[in-house]
Amino acid sequence: MEPYLASATFPAAREEVQRRPGLTGPGRRAALTALTDEWLVDGYAAATVSAKDPFCLVAVGGYGRAELSMGSDLDLLLLHKAGIAEAARVAESLWYPIWDSGVRLDHSVRTVSEARRLASEDIKVVLGMLDARVIAGDASIAEQLRSAVLSDWRAMADRRLPELREMVAERRTRFGEASQLLEPDLKESYGGLRDAVILKGVAASWVTDVPHNGWQDSVGFILDVRDSLHRITGRSGDRLIMQEQDAVAEDLVGVPDADALLRAVYDSTRSIAYASDVTWHRVDRLTRNRQRVSFRPIRRRTPARLPLAEGVVMQDGEAVLALEAKPARDEGLLLRAAAAAAQAGLPLSPHTVDRLATEGVEPKVPWTRDVRESFVSLIGAGPAMVGVWEALDQCGVVTRLLPGWDVVRSAPQRNALHRFTVDRHLVETAVQASALTRNVERPDLLLVGALLHDIGKARVGDHSEVGAIIADDLAARMGFDADDVGVIVTLVRHHLLLADTATRRDLDDPAVIAHVAGILGDVSVLDLLHELTIADSLATGPTVCTEWRFGLINDLVERVRAAMAGRPMPEPPELTEHQEVALAQAGVWVLMDVRDSTSIVTVGAPDRIGLLALVAGVLSLNRLNVLAARVLTVGGRAVQEWTVRPAFGDPPSVEQMSDDIRRAVDGTYDVAERLAKRAADYAGAPRIERPEPIVSITNAATGTTTVVEVRAHDEPGLLYRVATAVASADATIVGAKVSTLGSDAVDVFFVTDRDGDRLAEDRALALSVTVLNSLG
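Just so we're clear, the structure is a prediction, and the values are computed from it rather than from any experiment. (Residues numbered from 1 in each chain as written. Predicted model: local features only at pLDDT ≥ 70, side-chain atom pairs only at ≥ 80, totals over all residues. Heavy atoms only, no water.)

> Even after reading the chapter, I still don't get the overall build of the protein, so can you show me in this structure?
Check the secondary structure of the protein and you find 32 helices and 15 strands. In terms of principal-axis extent, the alpha carbons of the protein reach across some 110 × 70 × 45 Å. Evaluated residue by residue, the protein yields a buried proportion of 54% over its 776 residues. Nonlocal contacts in the protein, meaning residues at least 24 apart in sequence, comprise 71% of its contacts between residues at least 6 apart. As presented, the protein carries roughly 33,300 Å² of accessible surface, and 51% of it is formed by carbon and sulfur atoms. (Helix = DSSP H or I, 4+ residues; strand = E, 2+ residues; numbered from the N terminus. Buried < 20%, exposed > 50% of the residue type's maximum accessible area, 1.4 Å probe, protein only. Contact = heavy atoms within 4.5 Å. Areas by Shrake-Rupley, 256 points an atom, 1.4 Å probe, with all protein chains shown as cover.)

Put into C-alpha cells, the structure is as follows:
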C-alpha cells in the first residue's frame, strides 16, 4: 500500500479489486472493505499523530456493514473528546486526502453527546449508527455512543417506529414495489436494500422480532446485482434500467439472461417485502396504544383466542392454529386456515405458516368439497387475500397446491400495459373479481377463472390455448365436475374474446354477435366472461380501463345476451327422499344424517310465517355453516333439507337439534337474543370491505310465486336475517334454494302473500328494500 497521502493510488487499487478474476459477490465486497479500512487506518494514524485527546474513526451505513461496491460512498463519523480547533484540524487531515482521491465522502465530526442528540432527532442517523463499526482509534468512545443510541432507540420505539413506518409508506408510494417494476431501484423500491436495513433497525428496537424466512440471503443477491450494475456502468446509480439488464445478467454467475435476472431480483425483493409486511403489521399492533414492551418477568394475562374456523383462532391480531390443531392429520387445515385469515382481514402468523408448510398434509386429489370451498373462500377475500397468498407462496405451498404455478411465479411482463408480474396479475385479477361476484350465478367459477386466466404465460405457444390445457387439469384437480371444468376452461381459453371483439370487430354485424354467442353457449357463461374481462382490465392497469373500452364491451355483451334470448327463471326445488319422509310425519320432526364432513338436516313442521328464519337461526347457533338448502311447503307442511358443516368441532346430536328447533318453534328458545349475544362476542373482530349485497325480485309471467334472489357475503346468521325480513313483510317462503360457494351466498326464495298468491308490485318492491336493509 502506498502512503496514505498518496491518495491518487487508492482509486487504482479499488479498481484492481473490482476487476480481479474470480473475485465476486461477498468476496469482492469484503476485499474492497478491507482495502478501504487499511487505507483509512494509515490516514487516521497520520492525522492523529500529534492529537492530545482521544478520537475514534467509525464507519456507518453501508460501509459499516461492509457492503462497499465501486459506486459506494464512504460514510464516516469522527468521534472525539477534543476541543473544536483540534477536532477540526484532525478532520481536515482525514477528509482532504479522501476528497483528493475522488471517492465520494459522507462525513461528520461529533462528540458522543452531539451524535446522540442528532440520532434522537433523525431516524436515518439512528439506522446508520446501528451499523457502526470502528476503523481506528479509541473504540470505547464508539461503544459509549452505540450503547446510548441503542438505549434511546429502545426507550422511544413506541413513538419513533410509527414515524419510521410513515417514511417507509411514503417511499413505497414514490419508488413502487421492487418485485413489480421492470426497472426497480435496488435500494429505494419497497423490498430493496433500504428495507433490509430497516428490518434490522426494528429488530434492534426489541419491540418485535422479524421473520426468519431467508430474506437475509436475498439481501446478498441484491447486493451482488448492485455490484455488477456499478461495475458495468461505472456509476453509483441503483436503478436496474432495462438497457443494462443483459450486461448485468451476463456478469452474474448462473443468470442466463435479462428475464432470469428480473425473476431472481423479484424473488429476492419479495422475500424482503414479505418480512417487512409481517414486521410492520406487528409493530403497528404493538405500538398502537404507545405501550412499551418490557422484558422483565411479569405476570401476563393469557391473550384472548377468538375462534375463526375449525382449528384456527385469532390471537394478537393474527390468525394462528388452535392448540388442538393437528396439521399432519387434517388435510383441509392448510386452506381452511388461509381462508379464515383472509376472510377476517388478518395475516397468518409466521409460526403458523411454518407449521402448515412443514407439518401440513396436502389435500388428496381430487380435492373434497370442503377443501375446494376453502380455496374459493381464500381467493374471494378481496385485498386481504394478497398478504395471505404471499405467505403461502413464500413457503412454497402455492406451487405444491397448483402444479405449474412456479412457471408464472415472479415472471416479468415486458409490456407497458401491465403493472404486475404474471403471478401477481393473476392474484390481482382474483381480487378485482371478488368485488364482482354479486353479478354472476357462480362466483366460484369466476374466481377460479380469474386466478387461472393467464396461467399459460411464460411458456411456449398461445398463452390462452396453453392456459386452457393447464386449467383443465387444475380445475379437475380441485374437484369440480366435468361441466364446471368445461366452463373454467372456456373462461381461460376465451378470456380475451370480449375485449378483442368489442374493440376490433363491427358490432352491427349479426355474424359477429352470433360467433360470440356460439362460443359461449349460454347467458351464465357470458356473465362470467364479462366480469372476468372487467377484472382482468382493472388488474392490468389504467391504460385498458377507459370508459370507451368498457362501453364497447358492455354493448357487445348486451347484444350477445339478446341473441341468447335472456336468462331462464329459477324453478322451485323438487322434493328429496328425506323430504318425502318428513312430509308424512306429524308435528315438528327432525332427521340428521351425519356424513364425513357434512350433515344433512331434514326438518318437517307445520308451515308458519318465520319458520325458515327460526330453523336457520338454530343451525347458526349450533355453529353449523349452511352449504345448501332446499325448502318446500306442501299442503300446509314445510319440509326443509339443509346441507351443513360444523364451523368448529363435531356436529350436535340429533336430539339436541330436535330439542332446539322444537323450543324455537314454541317460543321457549329465543333465537334472536342468542344470535345478538354471539354477534356482540365477535364485535371486536376485524372487518374487511365486502361487495354490496344484491337483492332482486321478479314476478314470473306464470305461476303463483314471487322469486327473491339474494347474493351476499356468507356469514353466521345471514339466512336468519333474510328469512326474518321476509316474515316481517308478512310474506311466506314456500320454497328456497340456498347455495354457499366459497364465501358467497347465492340464495333463491319463492314467496307468496297470505293468500298463496305472488306479491303485488308495490309489496314486492317493499320486500326488496326490507331484505336489503337486513343485510346492511
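> Is there a simple way to think about the pattern of salt bridges in this case?
Per the stated rule, a full pass over the model turns up 48 salt bridges. For the salt bridge of Arg65 with Asp131, the shortest nitrogen-to-oxygen distance reads 2.8 Å. With Arg65 in the loop between helix H3 (61–64) and strand S2 (74–80) and Asp131 in the loop between helix H6 (123–129) and strand S4 (133–137), the pair connects residues that are 66 residues apart, well separated along the chain. On the basis of relative accessibility, which here comes to 14%, the residue Asp131 falls in the buried class. Each of Asp267, Arg270, Glu390, Asp393, Arg409 and Asp423 takes part in a single network of salt bridges with overlapping partners. (Salt bridge = Lys/Arg side-chain N within 4 Å of Asp/Glu carboxyl O.)

> It is not clear to me how the sheet that holds strand S10 (residues 624–634) should be interpreted in this structure. Could you clarify?
Neighbouring strands of a sheet are bound in pairs by backbone hydrogen bonds; such pairs are parallel or else antiparallel. Here eight strands make up an open sheet; going across it, the order is S8-S9-S11-S10-S14-S15-S13-S12 and the pairing antiparallel. Only two strands of the sheet have a single partner each, and these edge strands are strand S8 (589–594) and strand S12 (694–699). Direction aside, the axes of adjacent strands within the sheet are offset by 15° on average. Pairing between strand S14 (residues 732–741) and strand S15 (residues 744–752): nine bridges, direction antiparallel. Considered in S15, the bridge of Thr732 is made with Thr752. (Pairing = 2+ DSSP bridges. Axes fitted to C-alpha atoms, helices over the stretch in contact; angles between N-to-C directions.)

> Help me understand helix H26 (residues 547–563) in this model?
Helical geometry: 3.6 residues make up each α-helical turn, so side chains three or four residues apart lie on a common side. Look at H26: 24 Å from first C-alpha to last across 17 residues, which is about the 24 Å you get at 1.5 Å a residue. Buried residues of H26: Arg549, Phe550, Ile553, Leu556, Val557 and Val560, and no others. The buried side chains of H26 occupy one side of the element, clustering within an arc of 125° when seen end-on. Turned more than 90 degrees away from the buried face of H26 sit Glu547, Trp548 and Ala562, all of them exposed. Those residues of H26 that are buried lie in contact with helix H23 (497–504), helix H24 (510–520) and helix H25 (523–540). Downstream of H26 by one or two residues, Ala565 has phi in the positive range, about 70°. (Expected span 1.5 Å × (residues − 1). Arc of directions from axis to C-beta.)

> Would you take a moment to explain the pairing of strand S13 (residues 706–713) for this structure?
Residues in a regular strand project their side chains so that they alternate between the two faces of the sheet. Among the eight residues of S13, eight are classified as buried, and the element is accordingly described as predominantly covered. As paired elements, S12 and S13 share six bridges and run antiparallel to each other. The partner of Thr698 across the bridge, within S13, is Val707. By the bridge criterion, eight bridges tie S13 to S15 in an arrangement that is antiparallel. Bridge pairing links Val710 to Asp747 in S15.

> What should I look at first to understand a negative patch on the surface in this one?
Together, Asp122, Glu163, Glu166 and Glu170 line one region of the surface with negative charge. You can call Glu170 exposed: its relative accessible area is 54%. (Patch = residues over 30% accessible without salt bridge, like charges linked within 9 Å, V, L, I, M, F, W, Y side chains within 5 Å. Lys, Arg positive; Asp, Glu negative; His and termini not counted. Charge placed at Lys NZ, Arg CZ, Asp CG, Glu CD.)

> Would you mind going over the packing of helix H7 (residues 139–155) against helix H8 (residues 157–175) with me for this structure?
Helix packing for two helices is described by the angle between their axes and how far apart those axes are. Between H7 and H8, the shortest axis-to-axis distance is 6 Å and the interhelical angle comes to 85°. Viewed along their axes, H7 and H8 adopt a mutual orientation that is roughly perpendicular. Here Trp153, Arg154 and Ala155 of H7 come into contact with H8, specifically with Ala157, Asp158, Arg160, Leu161 and Leu164. In the contact of H7 with H8, the residues fall into five nonpolar, no polar and three charged. (Parallel < 35°, antiparallel > 145°, perpendicular 65-115°, else oblique. Nonpolar A, V, L, I, M, F, W, Y, C, P; charged D, E, K, R; others polar.)

> Can you walk me through the nonpolar core in this structure?
Across soluble globular proteins, you tend to see nonpolar side chains buried next to one another. Ranked by internal contacts, the top residues of the largest apolar core, which has 93 residues, are Leu378, Met385, Trp389, Leu402, Trp405 and Leu451. Top contributing element to this core by residue count: helix H13 (residues 333–343), with nine residues. Setting aside residues up to four positions removed in sequence, Met385 forms contacts with Ala342, Leu378, Ile379, Val427, Ala430, Val431 and Leu451. One finds Leu611, Leu614, Leu621 and Ala731 within the second-largest nonpolar core, a separate group that totals 51 residues. (Core = buried A, V, L, I, M, F, W, Y, C linked by side-chain atoms within 4.5 Å.)

> So what exactly am I meant to see when it comes to the environment of Leu775 here?
By secondary structure assignment, the location of Leu775 is in the segment after helix H32 (761–774). By relative accessible area, which is 11% here, Leu775 ends up buried. For the pair Leu775 and His713, spaced 62 residues apart in sequence, the C-alpha separation works out to 9.2 Å. Not counting chain neighbours up to four residues away, the residues in contact with Leu775 comprise Pro693, Val695, Val710, Ala712, Leu718, Arg721 and Val722.

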